[in-house]
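Remarks on the overall topology
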Amino acid sequence: MKCDKSEQLFQKARRLIPGGVNSPVRAFGAVGRHPFFVERAQGPWLYDVDGSRYLDYVCSWGPGILGHAHPQVVDAVQRACAGGLTFGAPTAGEVELAELIGACVPDVEMVRLVSSGTEAVMSAVRVARGYTGREKIVKFAGNYHGHSDGLLVKAGSGLMTQSVPDSAGVPPGYAASTLTAVYNDEASVRALMEENHGQVAAVVVEPVAANMGVVPPKKGFLEFLRRITKEKSSLLIFDEVITGFRLGLGGASEYTGVHADLYTFGKIVGGGMPLAAYGGRRDIMSSVAPLGAVYQAGTLSGNPVAVAAGIATLKILMDDPDIYERIDRRARTLAAAYRSAGLTVNRAGSLLSAFFVPGGQVENYEDACRCDREAFADYFRHMLERGIYVAPSQFEAMFVSDAHSDELIGETSRAVAAHFGGI
């Protein structure tokens, strides 16, 4: 496939943008090549500036549950744009979207709209601290909660791809209040909670980890987190920036039966536009200004164009709940293809990861770090050469959308078999 225009753009971008990209994992460095530059997208397809077409299993890292440029979402955005791009004042759309979120996730009695997943989690943590009067937070190695200073400790996602355990520029004092436990390890959590008795404001967790590859919770793990946070008068925060509205309309609480105190949402909730949200119990969210003393604000929070995209997306999902059965079934078919090739596969609904790791299971950060990154890079290049785009990192998820037909899933399964069969 030709990459002339993409290569020219990348060389120019590297002079103007750090690394030539506006988010590190886009650089393709972990797979030994330069990125292609996207011109447009439609349904399950990406089209680059050189005219190549790719079957897309990245789906903009999660928002594209309906596929790209869904006509109803595009129409809603276009109509919103015609009315103005931003007002810095309340709109009816914000109220409607908040109502839809609460209808899908009943635990969210009040919600605040923001512009990114990072902002949502950062704000939820601040609320937890303000509500409890405590400073410390427990998180899990390999869980990624955005790039705010206090949460870039043993984070997943692009930090794993680049082998950067923590970020430069974060003062030690910020990290000191963040305690890191082992995902799926109850003993590690209990030890931290006991050693820091009366000091932990919240435990924040990806209920299904998706930033060290997909790592589902072991049976009873989330239930344990719910019990111990109640026991220690701490809050439980579900970071559902990825899992929200993807595992089902009700997200992780519906999927697992475990209910948190606070939730953060991103990606799907904005329909592909820059929008996120945090919310939960009414008494906790009443701590947020102007009702309470926890301050959080944003000029573009509740942006009318992003809100329109979010409303349209959630309404489509609510009107056609069979979407979840379809994407789950197709993801199951893909997972079977990777397992037949001898890989370790983790799946939760339409999220899955094939791990290039010898034998056994991947249940936590250390397990994921054993993966053969060179073998993954070889596989990535094989798939891309066949017009199939998977995440350029072993430590990211594959996303199946409603635009991925059974026929396309079959083609992908055959491409997997071809690579591992040496065809």
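Every residue gets a number counted from 1 within its own chain, in the order that chain's sequence is written. In keeping with the model being predicted, local features are shown solely for residues with a pLDDT of at least 70 and side-chain atom pairs are shown and tallied solely at 80 or more, while totals for entire chains, interfaces and linings include all residues. By convention in this description, side-chain values take in all heavy atoms of the structure and omit both hydrogens and water.

1. Quick notes on the sheet that holds strand β12 (residues 351-355)
We treat two strands as partners when DSSP finds at least two bridges between them. Helix and strand labels come from DSSP, where a helix needs a run of H or I of at least four residues and a strand needs a run of E of at least two; each type is numbered from the N terminus. Taken in spatial order, the 3 strands make up an open sheet running β11-β12-β14, and their pairing is antiparallel. In this open sheet, the two edge strands, each paired with only one partner strand, are β11 (344-348) and β14 (398-399). The sheet contact formed by β11 and β12 spans 5 bridges and is antiparallel. Bridge pairing links Arg 347 to Leu 352 in β12. Any pair of residues with heavy atoms lying within 4.5 Å of one another is described as a contacting pair. Note on geometry: axes are C-alpha line fits, over the in-contact stretch for helices, and angles between N-to-C directions span 0 to 180 degrees. Contacts from helix α12 (residues 322-340) reach β11, β12 and β14 within the one sheet, and its direction differs from that of β11 by about 170°.

2. Re the side chain of Thr 412
Relative to the elements of secondary structure, Thr 412 occurs in helix α15 (residues 406-421). Sequence-distant contacts of Thr 412, defined by excluding residues within four places in its chain, comprise Leu 55, Tyr 57, Leu 334, Met 383 and Ile 388.

3. Some remarks on the pattern of salt bridges
We define a salt bridge as a side-chain nitrogen of Lys or Arg found within 4 Å of a carboxyl oxygen belonging to Asp or Glu. Under the defined criterion, the tally for this structure stands at 18 salt bridges. Notably, a salt bridge pairs Arg 190 with Glu 194, separated by 3.8 Å at the nearest N-O pair. Placement of the pair is Arg 190 and Glu 194 together in helix α7 (residues 186-195), with a separation of 4 residues, close to one helical turn. By relative accessible area, Arg 190 is classed as partly exposed at 32%. Note that Glu 231 is salt-bridged to Lys 232, the shortest N-O span being 3.8 Å. In this scheme, a residue with accessible area under 20% of its type's maximum is buried, one over 50% is exposed, and one in between is partly exposed, where area comes from a 1.4 Å probe on protein chains only.

4. Some points on the nonpolar core
Put simply, a nonpolar core is a bunch of buried Ala, Val, Leu, Ile, Met, Phe, Trp, Tyr and Cys residues held in one set by side-chain atoms that sit within 4.5 Å of each other. Counting residues in each nonpolar core, the largest one holds 113 residues, and the members touching the most others are Ile 101, Leu 225, Phe 245, Leu 317 and Tyr 338. It is helix α11 (residues 304-319) that provides the largest number of residues to this core, a total of 10 residues. Ignoring any residue separated from it by four or fewer positions in sequence, one finds Ile 101 in contact with Val 108, Val 111, Leu 113, Phe 245, Phe 265, Val 269, Ala 277 and Leu 314. In terms of nonpolar packing, the next biggest core, distinct from the first, is built from 22 residues, Val 127, Ala 128, Ala 202 and Ala 276 among them.

5. Some remarks on the sheet that holds strand β8 (residues 235-240)
Pairing between the strands of a sheet is mediated by backbone hydrogen bonds and can be parallel or antiparallel. Within the open sheet, the 7 strands sit side by side as β4-β10-β9-β8-β7-β5-β6. Their pairing is mixed. Because the sheet does not close on itself, it has two edges, and the strands there are β4 (110-114) and β6 (178-181). Sheet twist, expressed as the average angle between the axes of neighbouring strands with direction ignored, equals 20°. The pairing of strand β5 (residues 136-140) with strand β7 (residues 200-205) spans 3 bridges and is parallel. What sits directly across from Val 138, in β7, is Val 203. Each of β4, β9 (262-265) and β10 (276-280) is contacted by helix α3 (residues 92-104), which is oriented at about 125° to β4, the strand it contacts most.

6. As for the state of the cysteines
Criterion for a disulfide: a pair of cysteine sulfur atoms within 2.5 Å. Summed over all chains, the structure comprises 0 disulfides. Cys 369 provides the cysteine sulfur closest to Cys 371, a residue in no disulfide bond, and the two sulfurs are 8.1 Å apart. Overall, the relative accessible area of 8% leaves Cys 371 in the buried class.

7. A closer look at the environment of Arg 129
Here Arg 129 is to be found in helix α4 (residues 117-132). Sequence-wise, Arg 129 and Asp 320 are 191 residues apart; in three dimensions their C-alpha atoms are separated by 39 Å. Ignoring anything within four residues of it in the chain, the contact list for Arg 129 reads Arg 134, Glu 135, Ile 137, Ser 177 and Ala 201. Counting of polar contacts relies on pairs of N or O atoms within 3.5 Å, with two restrictions inside protein: one atom must be capable of donating a hydrogen and the other of accepting it, and residues adjacent in sequence are counted only when both atoms are side-chain atoms. Only 3.2 Å separates the side chain of Arg 129 from the side chain of Ser 177, close enough to count as a polar contact.

8. A closer look at unusual backbone geometry
Of note, the bond from Ala 289 into Pro 290 is cis; its omega dihedral lies within 30 degrees of zero at 10°. Look at Phe 28: it is not a glycine, yet its phi comes out positive at around 65°. You can see Phe 28 is positioned in the loop between α1 (4-16) and β1 (38-42). Within the chain, Ser 233 stands out as a residue other than glycine whose phi angle is a positive 55°.

9. Section: the packing of α7 against helix α8 (residues 221-231)
For any two helices packed against each other, the geometry comes down to the angle between their axes and how far apart the axes lie. It is at 11 Å that the axes of α7 and α8 come closest, and there the two elements cross at 10°. Judged by the angle between their axes, α7 and α8 are roughly parallel. The residues of α8 that touch α7, namely those facing Glu 186, Val 189, Arg 190 and Met 193, are Phe 221, Phe 224, Leu 225, Ile 228 and Glu 231. Grouping the amino acids of the contact of α7 with α8 by side-chain chemistry returns 6 nonpolar, no polar and 3 charged. Orientation labels follow simple angle bins: below 35 degrees gives roughly parallel, above 145 gives roughly antiparallel, 65 to 115 gives roughly perpendicular, and whatever is left gives oblique. Side-chain classes follow a simple rule in which Ala, Val, Leu, Ile, Met, Phe, Trp, Tyr, Cys and Pro form the nonpolar group, Asp, Glu, Lys and Arg form the charged group, and the remainder, Gly included, forms the polar group.

10. Describing helix α14 (residues 373-385)
One fewer than the residue count of a helix, multiplied by 1.5 Å, yields its expected span. Given a rise of 1.5 Å per residue, 13 residues ought to cover 18 Å, and the 18 Å separating the end C-alpha atoms of α14 matches this to within 8%. Along α14, the residues that are buried comprise Phe 376, Ala 377, Tyr 379, Phe 380, His 382, Met 383 and Leu 384. Those residues of α14 that are buried lie in contact with β3 (53-56), α12, β13 (388-389), β14 and α15. Residue Asp 372 occupies the N-cap position of α14, its side-chain oxygen lying 3.1 Å from the main-chain nitrogen of Glu 374. At the exit of α14 stands Gly 387, carrying a positive phi of roughly 80°.

11. Some points on the environment of Pro 90
Here Pro 90 lies in the loop between α2 (71-82) and α3. According to the relative accessible area criterion, Pro 90 is exposed, its value standing at 79%. C-alpha separation for the pair Pro 90 and Phe 221, spaced 131 residues apart in sequence, amounts to 40 Å.

12. What to know about the confidence of the model for the chain
Per-residue confidence from the prediction method is given by pLDDT, with values spanning 0 to 100. On average, the chain scores 94 in pLDDT, and the residues at 70 or more come to 96%. Below a pLDDT of 50 lies the segment residues 158-165, which in the model reaches 20 contacts outside its immediate sequence neighbourhood of four places, other chains included.

13. So, the pairing of β1
Pairing of β1 with strand β2 (residues 45-48), which is carried by 4 bridges, proceeds in the antiparallel orientation. Residue pairing for β2: Ala 41 is matched across the bridge by Leu 46.

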